[in-house]
Amino acid sequence: MEQELIELEDIKETKRKRKEMKSEKSEEPETKKEQSIYDLPGVGAATAEKLMAVGYTDLMSIAVASPGELIEATGMGDAVAKKLIAIARSNLEMGFESGEELLKRREKVIRIKTGSKALNTLLGGGFETGAIVECFGEFGSGKTQIGHALAVTVQTVEKDAVAVYIDTENTFRPDRIIQLAKGAGLDPDQVLKNIKVARAYNSDHQMLLAEKVEDLIKKQGLNVKLVVVDSLTAHFRAEFIGRGTLAERQQKLNRHLHVLAKLADRYNFCVYVTNQVMAKPDMFFGDPTQAIGGHIVAHASTFRVYLRKGKKGTRVAKLIDSPNQPEGEAGFYVDESGIKDVE
Ligand code: ADP
Ligand code: MG
């Protein structure tokens, strides 16, 4: 019943979005080259709505889908699905860039620092814009504290820098922000003003909020430099538990991450996501925990950091995956004023 309601909401939202897409097209040169799924021959309104309802909102998402996924989403035939994927692929600009252009883009990367030099160094100088940084770890390992700390320190990287906080577990605390702002020598009122918080009530809502970040930038003109999704996986995990629909969950999570990655790249902001671990009781050696979301989340994250509790109240961050940093560990601790180095 509840699921049905959500689906109805989805369709309404899709219709609204479709109108928006069409009306935006003419005035928006930037989005013009990005074709919508309506440009695919043979995709009628009904099919398009089914596709969009499960997150296939642009050509890229179709181009990288498997026929099986499209069939599951729409009930279309195998031949049609294959044809759609082929057309989406051939219509996409494959986007080769020269190494020189890429270097220029890399020069725009900003690194958001925490108060721990060791943690910053582990990530090559800080939490990078244009990237998704994932921290996973058990309850109390410091994931949310890092999110709060970044929402404050990001405001020092550029004038009017704004943090967006998508809160799924109701753990955002403005009073904690005030402490951290004072700790960083910033005006707490100003800092709070420049954090836009939204509580996500379910995974669909969470996905929608991520898309809405673009409105904050384009319509409200905010200089968003950080988007926190805390927690990335909790709703997905809770909603899809025991439903035998792991594939559907993974597809939705994939779409969500795809949207976040695309916006992070387009608007040069950092996406910080937190992720829980699940116990693996059958594992006796090593660390018996594993991040939720499997290879989908692992693959989408530019940096993955495993957090655990260390000695004497400290925390240990371990870099798991990084494009250009050596794997390593950093110790830090959390106190009233922020994230600090272990002396
Ligand atoms: P997670 O999100 O990984 O579950 P949190 O980021 O909420 O974990 O971490 C909670 C921990 O952070 C607390 O157990 C405490 O050690 C530390 N912490 C939170 N607030 C403060 C504070 N004001 N001063 C010192 N430590 C704090
Ligand atoms: Mg938390």
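Below you will find a few notes about this structure. (Residues numbered from 1 in each chain as written. Chains lettered and ligands numbered in written order. Predicted model: local features only at pLDDT ≥ 70, side-chain atom pairs only at ≥ 80, totals over all residues. Heavy atoms only, no water.)

1. What about the pattern of salt bridges?
Then, in step 1: Counted by the stated rule, this structure contains 14 salt bridges.
Then, in step 2: With its nearest N and O atoms 3.0 Å apart, the salt bridge here joins lysine 82 to aspartate 78. Taken together, the residues lysine 82 and aspartate 78, both in helix α6 (residues 78-91) and four residues apart, mark about one turn of the helix.
Then, in step 3: Classification of lysine 82 as partly exposed rests on a relative accessible area of 47%.
Then, in step 4: The exposure class of aspartate 78 is partly exposed, given its relative accessible area of 40%.
Then, in step 5: Note that glutamate 214 is salt-bridged to arginine 266, the shortest N-O span being 2.8 Å. Here glutamate 214 is found in helix α12 (residues 203-218), whereas its partner arginine 266 is found in helix α14 (residues 246-267), with 52 residues between them in sequence.
Then, in step 6: Among the ionic contacts, a cluster of salt bridges with common partners joins Glu97, Arg105 and Asp265. (Salt bridge = Lys/Arg side-chain N within 4 Å of Asp/Glu carboxyl O. Helix = DSSP H or I, 4+ residues; strand = E, 2+ residues; numbered from the N terminus. Buried < 20%, exposed > 50% of the residue type's maximum accessible area, 1.4 Å probe, protein only.)

2. A few points about the site of ligand 1
Then, in step 1: In the vicinity of ligand 1, 14 residues are found, and the nearest of them are Gly140, Gly142, Lys143, Thr144 and Gln145.
Then, in step 2: Glycine 142 has a polar backbone atom sitting 3.1 Å from an oxygen atom of ligand 1.
Then, in step 3: Threonine 144 places a polar side-chain atom, nitrogen or oxygen, 2.8 Å from an oxygen atom of ligand 1.
Then, in step 4: Coverage of ligand 1 by the protein chains reaches 65% of its 570 Å² of free accessible surface.
Then, in step 5: Residue assignment for the shell around ligand 1 shows that the elements contributing at least two residues are α9 (143-153), α10 (174-183) and β12 (329-335).
Then, in step 6: For the shell around ligand 1, the leading source of residues is α9, giving three residues.
Then, in step 7: Looking at the shell around ligand 1 residue by residue, the class counts come to two nonpolar, six polar and six charged. (Near = heavy atom within 4 Å. Polar contact = N/O pair within 3.5 Å; in protein donor to acceptor, adjacent residues only side chain to side chain. Areas by Shrake-Rupley, 256 points an atom, 1.4 Å probe, with all protein chains shown as cover. Nonpolar A, V, L, I, M, F, W, Y, C, P; charged D, E, K, R; others polar.)

3. A closer look at the sheet that holds strand β13 (residues 338-341)
Then, in step 1: Spatially, β5-β4-β6-β7-β3-β10-β11-β12-β13 is the arrangement adopted by the nine strands of the open sheet, whose pairing is mixed. Lying at the two open borders of the sheet, with one neighbouring strand each, are β5 (195-199) and β13. When strand polarity is set aside, the average angle formed by the axes of neighbouring strands in this sheet is 25 degrees.
Then, in step 2: Sheet topology note: the strand β3 (residues 132-137)/strand β7 (residues 270-275) ladder contains five bridges and is parallel. The partner of valine 133 across the bridge, within β7, is tyrosine 272.
Then, in step 3: α9 rests against β3, β4 (161-167), β5, β6 (223-230), β7, β10 (303-309), β12 and β13 of the sheet, and its axis sits at about 160 degrees to β7. (Pairing = 2+ DSSP bridges. Axes fitted to C-alpha atoms, helices over the stretch in contact; angles between N-to-C directions. Contact = heavy atoms within 4.5 Å.)

4. Describing the side chain of asparagine 120
Then, in step 1: As for its position among the elements, asparagine 120 is in helix α8 (residues 117-122).
Then, in step 2: Under the relative-accessibility criterion, asparagine 120 is labelled buried at 6%.
Then, in step 3: Excluding anything up to four places from it in sequence, asparagine 120 contacts Lys113, Thr114, Gly125 and Gly126.

5. A few points about the pairing of β6
Then, in step 1: The element β6 is largely enclosed, with a buried count of seven among its eight residues.
Then, in step 2: The sheet contact formed by β6 and β7 spans four bridges and is parallel. Across the sheet, residue valine 228 finds its bridge partner in β7, namely tyrosine 272.

6. A short note on the nonpolar core
Then, in step 1: If you look at the biggest cluster of nonpolar residues, it comprises 34 residues, and the most contacted ones within it are Leu119, Phe127, Ile146, Ile195, Leu226 and Tyr272.
Then, in step 2: Per-element accounting of this core gives the leading share, five residues, to α9.
Then, in step 3: Setting aside anything within four residues of it in sequence, one finds isoleucine 195 in contact with Ala151, Gln155, Ala163, Tyr165, Phe172 and Ile177.
Then, in step 4: Core analysis: the next-biggest nonpolar cluster, separate from the first, contains 29 residues, Val164, Leu209, Val229 and Leu232 among them. (Core = buried A, V, L, I, M, F, W, Y, C linked by side-chain atoms within 4.5 Å.)

7. Quick notes on the packing of aromatic side chains
Then, in step 1: Taken as a whole and assessed by the stated rule, the structure comprises three aromatic pairs.
Then, in step 2: Relative to tyrosine 272, the ring of phenylalanine 127 lies with its centre 5.8 Å away and its plane at 75 degrees, an arrangement referred to as edge-to-face. Of this pair, phenylalanine 127 sits in strand β2 (residues 127-128) while tyrosine 272 is found in strand β7, placing the two residues 145 residues apart along the sequence. Accessibility classification places phenylalanine 127 together with tyrosine 272 in one group, the buried group. (Phe/Tyr/Trp six-rings, centres within 6.5 Å; stacked < 30°, edge-to-face > 60°.)

8. Here we look at the pairing of β7
Then, in step 1: With six of six residues buried, β7 is to be regarded as a mostly interior element.
Then, in step 2: Of the two faces of β7, both are covered, the one formed by Cys270, Tyr272 and Thr274 as well as the one formed by Val271, Val273 and Asn275.

9. A short note on α14
Then, in step 1: Between its first and last C-alpha, α14 extends 32 Å over 22 residues, near the 32 Å set by a 1.5 Å rise per residue.
Then, in step 2: Downstream of α14 by a residue or two, asparagine 268 has a phi angle that is positive, lying close to 50 degrees. (Expected span 1.5 Å × (residues − 1).)

10. Some details on the side chain of arginine 315
Then, in step 1: Within the secondary structure, arginine 315 sits in strand β11 (residues 315-321).
Then, in step 2: Of the buried charged residues, arginine 315 lacks a salt bridge, with glutamate 138 as the closest side chain of opposite charge at 8.4 Å.
Then, in step 3: There is a polar contact of 3.0 Å between the side chain of arginine 315 and the backbone oxygen of glycine 140.
Then, in step 4: Engagement of the side chain of arginine 315 in a polar contact is seen with the backbone oxygen of glycine 313, the distance being 3.2 Å.
Then, in step 5: What arginine 315 contacts, discounting residues up to four positions off in sequence, is Gly140, Ser141, Gly142, Arg308, Lys309, Gly310, Ala330, Gly331 and Phe332. (Lys, Arg positive; Asp, Glu negative; His and termini not counted.)

Honestly, it's all geometry; don't read function into it.
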